[in-house]
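# Residue-level structure breakdown
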Amino acid sequence: MGKKKQKQKVVLPPELPPDVPEDEIEVSDEDLDFVNKNQEYAGFVSKLDTQSITRHINRVADVKEDALESLYEKRSRKKSLATDNIQLEVDPVDALPVKTLDGEVYYRKVSKGPNNFKNAQIEDETVGENDDIAHDNGVVKLTKAEKRAKLKKLRKEAKKQGTPVKEVEEVQQTSQAEVLAEVEKDLSVEESNEKKKFRLAELGTSMLTDPEGNIKSLKEMLQLCKDGDPAISILGLKSLLAVFKDIIPGNRIRLPTDKELAMVVSKDVKKTRFYESTLLTVYKAYLQKLMGLEKVAGFKRVAIRCICTLLEANPRFNFRESLLGVVMKNISSTDDVIRKLCCNTIKSLFTNEGKHGGEVTVEAVQLIANLVKAHDCDLHPDSVEVFLSLSFDEDLRKPEAPKKLDNKTKKKNFKKGRRNDDPNQVPASDKKKNKQEMMSKTREEVKAEFMAASFAQDAMEKRRIQSDTLSAVFQTYFRILKHTMHSGKEGNESISGPFGEHPLLAPCLNGIGKFSHLIDLDFMADLMNYLRKLAGGTSDSNGGGITDSSHSSRLTVSERLRCCIVAFKVMRSNLDALNVDLQDFFIQLYNLILEYRPGRDQGEVLAEAMKIMLCDDRQHDMQRAAAFIKRLASFSLCFGAAESMAALVTLKHLLQKNVKCRDLLENDVGGGSLSGSITKYQPYATDPSLSGAFATVLWELTLVSKHYHPTVSTMASGISTITNAHDQVYRANVSPQQAFMDMKVDQESFVPKSGQKSNKRKKGGKPAAPEAADGGAVVDEEAVRVKLSEHFLLVNEMEENERLRRELERTKLGLRLYKEYKKQKKQKIK
């Protein structure tokens, strides 16, 4: 037999490596550089026909296609029966190695589990589809080069952090999804906010158009105020404020009782009841919402503004007490915006009493009084300054006088047979004739009285309201004065609060000065005693001076000057009923002029004190007037142009009013005039009557006439030309306050001129003083220092001598008392 024909063994070609997307293929920088340098050798790669190569590899020689397919099926069946979860390294013949960025070479691993490779391909396809979807949703699609660079960057970061590359890719995909979700959420929130705004506008317009028909819209608007978005919530609060301000009635709403609800009523009454109950319910919920937001920092200003607007627009409506309580709680807030809102609301209630008939005024004043008491006078000055907006009718304090009949009416009644004490009596003959006329007149009078009574209050009620208001106001003022006096005593030192040491004293004094004519005379003596102690103390019986008490030791110069001003205002407003000696206040003003400092104290207060105490006073003691003239002349040398101008205006006023004081302008050998009781001038005397000012002259005017400001120098020169002629007519001058304010405004834009002097030598004379670089003369600092040291040494010696003299007087007095004691003791022994 011949040899059997052997069966041809078919060997299948090796499997191709799995398809890898171009995005995942990494090409090192070295390969790119090599290809770019050798493009003529690598050009054939772009011309390869990959499909024909694949067909050639899969083709087997002399084998039919059906047999080839059966072989491929057998191979795939064997793979499916292989064990799962075993990772094998692919044969190097079947797959190309992969080179990492670090230079390591490894082969891809494919798990032999069922459908794992296929699932990996499906996942890659899904990722590609998601990229397209993300591009459609608005995310910018990256090019292949950009994706490759991004993936390379992510893998570097993953390698540094020790995170697998797959996790980084998953994080990247999830971050893109989160961004898309946030964008969609923002778009949906903006759309919903726009819809809510349009809805608020529609509801508000419908409510203002027909409040009774669309009263249910208030509940929906209130619901929008509770939105989570702060902008929508604030917009809802403001919209409801506008609606309530327009539709709220001018009186209170009383809900019907159960008995009234059980009664059968018409449709109109039911509609009105439903409208009022719904309005009151939503209004109450709205106020509760505002009071809750008043404690939240972001909504506090909006809530306070809404509350103040509602209280000011409708002070008679329901829940007025709650609104007023919130306003009073914030009337002394440290936030300037909130405090001004509350204070302006209270001032508006005080000035517009016609809206509420004065009831809210009494409540507000009493609440402020309780607030001052609870906080121990540690409030912002604006909280008490609102009292200055109050107005009182003085006619209500006077009892009504009975009407008296004039002589003509009495004669007419006598002729008609009527008694003078009964003017309403009508003769019997005229009753029938005037019956109809009287009835028609009575009807008109009743109608007029009814209309007047419906809008106007009774005189007794007005008097009661005004009395309660005045009582609360002056109770607050006296409490502030008393607290200021006790805070300066030893062992009761006050601690300075956030608003200062005595924040309420200035508005308290201003209020007392304004309403001093309404104070009961029984309290006038105590008030003047308080003001005298706060201004600086009482007169010293030994030295004739003033002893500073502990009450005024902690007060500023401006506050002590205000006490003097208020004392004079109280005196002049009650001139007929008071007989008070104001000598202590003149002494205090005389000493406070020296304690004044321009940067620390208020010049307006000093100018007002000069006007009220010196210019407006009709009569002056000559010794006191001369002392003030001399001190004001010295004062004009020491301070700025505004203070100097106010002092010179006052000085000129005193010279024109007191003819004898013009002797101070004479330049006698022995001084001014020796006609006074004191022949030597005492510049440091505390009492102006004991200073001996007539023994000196006004040499200060010569220096002030060379003042840098031309207005001040002109005023000083004009005062120097006043003569002693008794026939000189008095002419009214500008007040010190007006002069101070005008000079203060003018001084802001005033630039003093610098004198330009030549430094040339004159014939037969000495060379002029050298000039500085800025045009002024060079000052010898050493000479000035020597002169100042001599001056202050002399002043210190004078003060030391004065102190030793006082100690000597006290020692003499003690010895005298001791001798009298010993003498009396000997007499008793005998």
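The chain is annotated in an unreviewed UniProt entry as CCAAT-binding factor domain-containing protein of Lactuca virosa. Its UniProt record gives the chain a comment under Subcellular location (unreviewed entry), which states: "Nucleus, Nucleolus".

### Quick look at the overall build of the chain
Per the secondary structure count, the chain includes 29 helices and four strands. Taking all contacts inside the chain whose residues are at least 6 apart in sequence as the whole, residues at least 24 apart take part in 71%. Approximately 54200 Å² of the chain is accessible, and the part contributed by carbon and sulfur atoms is 53%.

### Topic: the environment of Leu594
Counting through the fold element by element, Leu594 comes out in helix H22 (residues 583-595). The sequence separation of Leu594 and Cys638 amounts to 44 residues, and the corresponding C-alpha distance is 9.8 Å.

### Points about the packing of aromatic side chains
This structure, assessed with the given rule, holds 15 aromatic pairs. Ring centres of Phe244 and Tyr283 lie 5.3 Å apart, and the angle between their planes is 75°; on these two criteria the pair is classed as edge-to-face. Of this pair, Phe244 sits in helix H8 (residues 230-247) while Tyr283 is found in helix H10 (residues 267-293), placing the two residues 39 residues apart along the sequence. Its relative accessible area of 1% is what places Tyr283 among the buried residues. Three or more aromatic residues joined by ring pairs make a cluster, and in this case those are Phe244, Tyr283, Tyr286, Phe317 and Phe319. In this arrangement the basic side chain of Arg631 is found over the ring face of Tyr590, its NZ or CZ atom lying 3.8 Å from the centre.

### Structural notes on unusual backbone geometry
Its identity as a non-glycine residue notwithstanding, Asp376 has a phi of 55°, on the positive side. A relative accessible area of 48% places Asp376 in the partly exposed class. Its identity is not glycine, yet Cys377 carries a phi of approximately 60°, on the positive side. Take Cys377: it is sitting in the loop between helix H14 (359-374) and helix H15 (382-385).

### So, a nonpolar patch on the surface
A contiguous nonpolar surface patch, about 220 Å² in accessible area, is contributed by Ile25, Val27 and Leu32. Looking at where Leu32 falls in the secondary structure, it is placed in helix H1 (residues 29-37). For Leu32, a relative accessible area of 42% gives the class partly exposed.

### Considerations on helix H24 (residues 622-638)
Between its first and last C-alpha atoms H24 spans 25 Å; for 17 residues at 1.5 Å apiece the expected length is 24 Å, and the two agree. Of all 17 residues in H24, 13 are buried, a share of seventy percent or more.

### Focus on the confidence of the model for the chain
In the predicted model, the chain carries a mean pLDDT of 75, and 66% of its residues have values of at least 70. Considering only residues more than four positions removed or in separate chains, one finds that residues 538-552, a stretch of pLDDT under 50, has 39 contacts.

### Quick word on the side chain of Glu643
Among the structural elements, Glu643 can be located in helix H25 (residues 641-657). Buried within the structure, Glu643 lacks any salt-bridge partner; Lys744 is the closest side chain of opposite charge, at an N-O distance of 7.3 Å. The residues contacting Glu643, other than those within four sequence positions of it, are Tyr596, Pro598, Phe635 and Phe740.

### Here's the deal with the pattern of salt bridges
Enumeration over the complete set of coordinates arrives at 23 salt bridges. Of the charged contacts, one joins Lys630 and Glu700 as a salt bridge, the two residues approaching to 2.8 Å between their closest N and O atoms. Remark: Glu700 occurs in helix H26 (residues 700-704) and Lys630 occurs in helix H24; sequence separation between them is 70 residues. Overall, Glu700 belongs to the buried group, its relative accessible area being 2%. Because the salt bridges share partners, they merge into one network encompassing Arg320, Glu321, Glu359 and Glu363.

### Points about H8
For H8, spanning 18 residues, the distance from its first C-alpha to its last is 26 Å, which sits close to the expected 26 Å at 1.5 Å a residue. Every buried residue of H8 is accounted for by Ile232, Ser233, Gly236, Leu237, Ser239, Leu240, Leu241, Val243, Phe244 and Ile247.

### As for the packing of helix H18 (residues 459-487) against helix H19 (residues 505-514)
Helix packing geometry: the angle between the two helix axes and the distance between the axes. Across the interface, H18 lies against H19 with an axial gap of 10 Å and an inter-helix angle of 135°. Comparing the axis directions of H18 and H19 gives the class oblique. Where H18 crosses over H19, the two elements pack in a sense that is left-handed. Across from Tyr477, Ile480, Leu481 and Thr484 in H18, the residues of H19 making contact are Leu505, Pro507, Cys508, Leu509, Gly511 and Ile512. Considered class by class, the residues forming the contact of H18 with H19 number eight nonpolar, two polar and no charged.

### Here we look at the nonpolar core
In terms of nonpolar packing, the biggest core is built from 147 residues, with Leu218, Phe244, Tyr286, Phe387 and Phe585 touching the most fellow members. Setting aside its immediate chain neighbours within four residues, Leu218 contacts Met207, Leu240, Val243, Phe244, Ile247, Leu279 and Val282.

### A look at the packing of H19 against helix H21 (residues 557-573)
Relative orientation of the contacting elements H19 and H21 amounts to 15°, with a least axis distance of 9 Å. When the axis of H19 is compared with that of H21, the two are roughly parallel. In the crossing of H19 with H21, the sense of the turn from one axis to the other is left-handed. Facing Leu505, Ala506, Leu509, Asn510, Ile512 and Gly513 of H19, the residues of H21 in contact are Glu559, Arg562, Cys563, Val566, Lys569 and Val570. Here the residues of the contact of H19 with H21 are counted per class, giving seven nonpolar, two polar and three charged.

### Examining the state of the cysteines
Two cysteines form a disulfide when their sulfur atoms are joined by a covalent bond. Using the criterion set out here, one finds zero disulfides in the structure. In this structure Cys306 is a free cysteine whose sulfur lies 9.0 Å from that of Cys225, the closest cysteine sulfur available. Not engaged in a disulfide, the cysteine Cys508 finds its nearest cysteine sulfur in Cys377; these two sulfurs lie 8.7 Å apart. Residue classification places Cys508 among the buried residues on the basis of a relative accessible area of 0%.

### With respect to the environment of Ile465
Checked against the element boundaries, Ile465 lands in helix H18. Judged by relative accessible area, Ile465 falls into the buried class, the value being 7%. On a C-alpha basis, the gap between Ile465 and Gly358 in space is 6.6 Å, while along the polypeptide they are 107 residues apart.

### Notes on empty space enclosed by the protein
In this structure the tally under the stated criterion is two cavities of 30 Å³ or more. The wall of the largest cavity is formed by Cys377, Ile480, His483, Thr484, Glu501, His502, Pro503, Leu504 and Leu505. A total of three residues in the lining of the largest cavity trace back to one element, the largest contributor, which is H18. Class assignment for the residues of the lining of the largest cavity results in five nonpolar, three polar and one charged.

Definitions and limits used
- Residues numbered from 1 in each chain as written.
- Predicted model: local features only at pLDDT ≥ 70, side-chain atom pairs only at ≥ 80, totals over all residues.
- Heavy atoms only, no water.
- UniProt positions renumbered as here; feature names shortened; annotations may be inferred.
- Helix = DSSP H or I, 4+ residues; strand = E, 2+ residues; numbered from the N terminus.
- Contact = heavy atoms within 4.5 Å.
- Areas by Shrake-Rupley, 256 points an atom, 1.4 Å probe, with all protein chains shown as cover.
- Phe/Tyr/Trp six-rings, centres within 6.5 Å; stacked < 30°, edge-to-face > 60°.
- Buried < 20%, exposed > 50% of the residue type's maximum accessible area, 1.4 Å probe, protein only.
- Lys NZ or Arg CZ within 6 Å of the ring centre and 35° of its normal.
- Patch = residues over 30% accessible without salt bridge, like charges linked within 9 Å, V, L, I, M, F, W, Y side chains within 5 Å.
- Salt bridge = Lys/Arg side-chain N within 4 Å of Asp/Glu carboxyl O.
- Expected span 1.5 Å × (residues − 1).
- pLDDT = per-residue confidence, 0-100.
- Lys, Arg positive; Asp, Glu negative; His and termini not counted.
- Axes fitted to C-alpha atoms, helices over the stretch in contact; angles between N-to-C directions.
- Parallel < 35°, antiparallel > 145°, perpendicular 65-115°, else oblique.
- Left-handed = near helix turned anticlockwise from the far one by under 90°.
- Nonpolar A, V, L, I, M, F, W, Y, C, P; charged D, E, K, R; others polar.
- Core = buried A, V, L, I, M, F, W, Y, C linked by side-chain atoms within 4.5 Å.
- Disulfide = S-S within 2.5 Å.
- 1 Å grid on protein atoms, 1.4 Å probe; cavity = no way out; pocket = protein on both sides within 12 Å on 5 of 7 lines; lining within 4 Å.
- Points joined across faces, edges and corners; volume = space filled by probe spheres on them.

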